[in-house]
Amino acid sequence: EPFEQAFLGMSSPTWGTITFGRQNTTLADLIAKYDPQQTSYAFSLLGLSGTPAGGGDTQDRRLDSSIKYDGHFYDIVHFGAQYKTQNSSAQNYATAGNGEAFSGFEVSLGADFAGASVDAFYTKMRDAVSVGTLSTAQLATLPALNLSPNNSLSSTISDNASYGVMASYALAPVLPVVPVTVYGGFQHITYMNPSIPLAPGFDDIGGYVLGAVNNTAYAKGDKILQVYWAGARYAVTPKFTAAIAYYGEKQSAYASGALAGCSTDVSGAGSGNFSALSVSLDYHFTKRFDAYAGAMWSQVTHGLANGYLNTNMIDPAIGVRF
């Protein structure tokens, strides 16, 4: 499996920090900052799914061969940027003939003032990869491609663009005896057909190969996914924290043919919604040892409910970590 992160760089209190290598995206850093459940796998849509932090696809939550900058100025303004060099084969780029070698970039700009913090961002990723298991028909094509079923996957390729804004406000200046911080965010993601199609046999991350490739999933129209959330964290004591959060997604219909404009669960390309509400409690015995408990209710409807056996779920979780 690939490293979660592996990078090196330089930091200056005046000029900021610049790093090179495989690292979390600027967008992932923002989501970790503004998620009321702190990207918990059990209690947060933003933690459970890497789609928002990846600008549309989980694989892009961390970027290989990337250059990243983070700067804070005058204790008020913060700026972030990240650039990823090309990840498609040279042959694909030569065939495209457009001379554009970048694979993705992200920028963010924000400010802090009187307990409030806000950041706006824009991201653009080319040849984003969403993978799944191969169908029986797709498995049958692997021998002709000299590919092994042991490390081959089905994939949908897209160019993704996203923008949005996130904010938080600490109520301490207003209610000093109630240390509550409120959070909120909105993200608009557009999925488009790739500007540079990939071919079967393309090497993906983690030693996997794309055995079947779909470069035309959005030929009849872009897919739009809107993600939004709000919540609060309450420091009951310096060691004990309670949190509550709401998360939502709204997907536009992008199916073609007889399913165009579909708004039922007959197709995952139909319009649909996702909603989730979670609560959690966390107690730190020491800096590195804590216990937690909570639950998350979630519901999917219409197109986003495609393939689900249960469209309403309540998932409790309790545990300890070191």
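Residues numbered from 1 in each chain as written. Predicted model: local features only at pLDDT ≥ 70, side-chain atom pairs only at ≥ 80, totals over all residues. Heavy atoms only, no water.

1. Points about the pattern of salt bridges
Counted according to the given criterion, the structure contains six salt bridges. Note that Arg62 is salt-bridged to Glu4, the shortest N-O span being 3.4 Å. Here Arg62, found in strand E3 (residues 62–73), pairs with Glu4, found in the segment before strand E1 (6–12); they are 58 residues apart in sequence, far enough to count as distant. The class of Glu4 is exposed, set by a relative accessible area of 56%. Lys33 is the partner of Asp119 in a salt bridge, and the nearest nitrogen-oxygen pair spans 3.5 Å. Pair noted here: Asp119 is in strand E6 (residues 116–132) and Lys33 is in helix H1 (residues 26–34), with a separation of 86 residues, a long-range link. On the basis of relative accessible area, Asp119 is assigned to the buried category, the value being 2%. Linked through salt bridges whose partners overlap, the residues forming this network are Asp282, Asp290 and Arg321. (Salt bridge = Lys/Arg side-chain N within 4 Å of Asp/Glu carboxyl O. Helix = DSSP H or I, 4+ residues; strand = E, 2+ residues; numbered from the N terminus. Buried < 20%, exposed > 50% of the residue type's maximum accessible area, 1.4 Å probe, protein only.)

2. A short note on the environment of Ala255
The residue Ala255 is located in the loop between strand E11 (240–251) and strand E12 (272–284) in this model. Put simply, Ala255 and Asn312 are 57 residues apart on the chain and 24 Å apart in space, counted from C-alpha to C-alpha. When sequence neighbours within four positions are dropped, the list of residues in contact with Ala255 reads Ala260, Gly261, Ser267 and Ala269. (Contact = heavy atoms within 4.5 Å.)

3. Regarding the pairing of E6
Sheet analysis places strand E5 (residues 104–113) next to E6, joined by 10 bridges and oriented antiparallel. For Gly110, the partnering residue across the bridge sits in E6 and is Asp119. If you look at the hairpin formed by E5 and E6, you'll find two residues sitting between the two strands, and Ala114 has a positive phi there, around 50 degrees. Note that E6 and strand E7 (residues 152–170) share 15 bridges and pair antiparallel. Paired with Asp119 across the two strands is Met166, which belongs to E7. (Pairing = 2+ DSSP bridges.)

4. Here's the deal with the nonpolar core
Within the largest apolar cluster, 27 residues are counted, with the highest numbers of intra-cluster contacts made by Ile31, Leu46, Met166, Val227, Trp229, Tyr247 and Phe274. Going through the elements one at a time, H1, helix H2 (45–48), strand E8 (180–192), strand E10 (223–235), E11, E12 and strand E13 (290–302) are the ones with two or more residues in this core. Ignoring any residue separated from it by four or fewer positions in sequence, one finds Leu46 in contact with Ile31, Asp35, Pro52, Val227, Trp229 and Tyr247. (Core = buried A, V, L, I, M, F, W, Y, C linked by side-chain atoms within 4.5 Å.)

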